[in-house]
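Structural overview
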Amino acid sequence: PVEAAVAGGQIIVLEIDDLSLKKVGSFPFKRGVYARLIDMLYGLGVKVVAMDVLFVDPSFPEEDAKLLDITARAGHKLVHAMMVDPSIVNQHIFVFPFEKLQRTAQSIGLVVQPLIDEDGSVRRSPLIVGTHRSSEESWLADAGARPSLGLAALVEFTGRSARSYVE
């Protein structure tokens, strides 16, 4: 029920598409649906799963339990998503998954927005984001900086540190 795009045989992107919605039901899906999908992917030999789905608020307890269970079993092989609060102007306030999921997840990556240049073009997207919105140059020195979702997945796949990719 999901569309898959393969990049070089190493990365598979599963998208929630119209067929998924018809087969599974309305969005957002119940968390047990994600848990079953993640479990199936690991059964097929997938090494790391990065979830570009934000689980900011708790859901139904029995559904959350399914997501928490697969998260605990997967350990570092499952990267959950977080975001930056868009309503804060001069600072990045990170919004993490709901509390129990945040405590259970061993890896969390930031869903980043591309950086828009003065001419309105997008030429880059940050791998690491710090706490100050206006100071990209200082993000590497920021102890509170967070890796992007893609970088977090790469870190879990390779075992290298996030900083080793950007320094």
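Refer to the structure presented above.
The paragraphs below set out a description of the structure included in this document. It should be emphasised that the depicted structure is a prediction, and the values quoted were computed from it without experimental measurement.

Enumeration according to the criterion identifies three aromatic pairs in this entry. For the ring pair phenylalanine 27 and phenylalanine 29, a centre distance of 5.6 Å and an interplane angle of 75 degrees mean the geometry is edge-to-face. Judged by relative accessible area, which is 49%, phenylalanine 27 ranks as partly exposed. Note on tyrosine 34 and phenylalanine 55: the rings are 5.3 Å apart at their centroids and 80 degrees apart in plane angle, and the pair reads as edge-to-face. With a gap of 21 residues between them, tyrosine 34 in helix H2 (residues 31–43) and phenylalanine 55 in the loop between strand E3 (49–50) and helix H3 (61–74) connect regions that are remote in the sequence. Residue class for phenylalanine 55 comes out buried when judged on its relative accessible area of 3%. One aromatic cluster is present, built from ring pairs that chain together Phe27, Phe29, Tyr34 and Phe55. Geometry around tyrosine 165 places arginine 160 over its ring, the cationic atom sitting 3.9 Å from the centre.

Moving on, we get to the packing of H2 against H3. It is at 7 Å that the axes of H2 and H3 come closest, and there the two elements cross at 25 degrees. Classified by the angle their axes make, H2 and H3 are roughly parallel. Handedness of the crossing formed by H2 with H3: left-handed. Contact residues: H2 offers Arg31, Gly32, Val33, Ala35, Ile38, Asp39 and Tyr42, while H3 offers Glu63, Asp64, Lys66, Leu67, Ile70, Arg73 and Ala74. Its residues assigned to classes, the contact of H2 with H3 comprises seven nonpolar, one polar and six charged.

Conventions adopted
- Position numbers for residues count from 1 along each chain, tracking the sequence in the order it is written.
- In view of the model being predicted, local features appear only for residues whose pLDDT reaches at least 70, and side-chain atom pairs are presented and counted only at 80 or more, with totals across whole chains, interfaces and linings using the full set of residues.
- For side-chain calculations, the full set of non-hydrogen atoms in the structure is used, while hydrogens and water are omitted.
- Only the six-membered ring of Trp is used, alongside the rings of Phe and Tyr, when aromatic pairs are assigned; centres must lie within 6.5 Å, and planes under 30 degrees apart are stacked while those over 60 apart are edge-to-face, with the rest tilted.
- Throughout, exposure labels follow a simple rule: accessible area from a 1.4 Å probe, protein chains only, divided by the maximum for the residue type, with under 20% read as buried, over 50% as exposed, and the rest as partly exposed.
- A run of DSSP states H or I qualifies as a helix once it reaches four residues; a run of E qualifies as a strand once it reaches two. Both are numbered from the N-terminal end.
- Any Lys NZ or Arg CZ found within 6 Å of a ring centre and within 35 degrees of that ring's normal is scored as a charge over the ring.
- Axis definition: a line fitted to C-alpha atoms, over the contacting stretch in the case of helices. Angles run 0 to 180 degrees between N-to-C directions.
- Orientation labels follow simple angle bins: below 35 degrees gives roughly parallel, above 145 gives roughly antiparallel, 65 to 115 gives roughly perpendicular, and whatever is left gives oblique.
- In this scheme the crossing of two helices becomes right-handed for a clockwise turn of the near helix relative to the far one and left-handed for an anticlockwise turn of less than a right angle.
- Contact definition: two residues touch when any of their heavy atoms are within 4.5 Å.
- Residue classes follow a fixed rule: Ala, Val, Leu, Ile, Met, Phe, Trp, Tyr, Cys and Pro count as nonpolar, while Asp, Glu, Lys and Arg count as charged, and any other residue, Gly among them, counts as polar.

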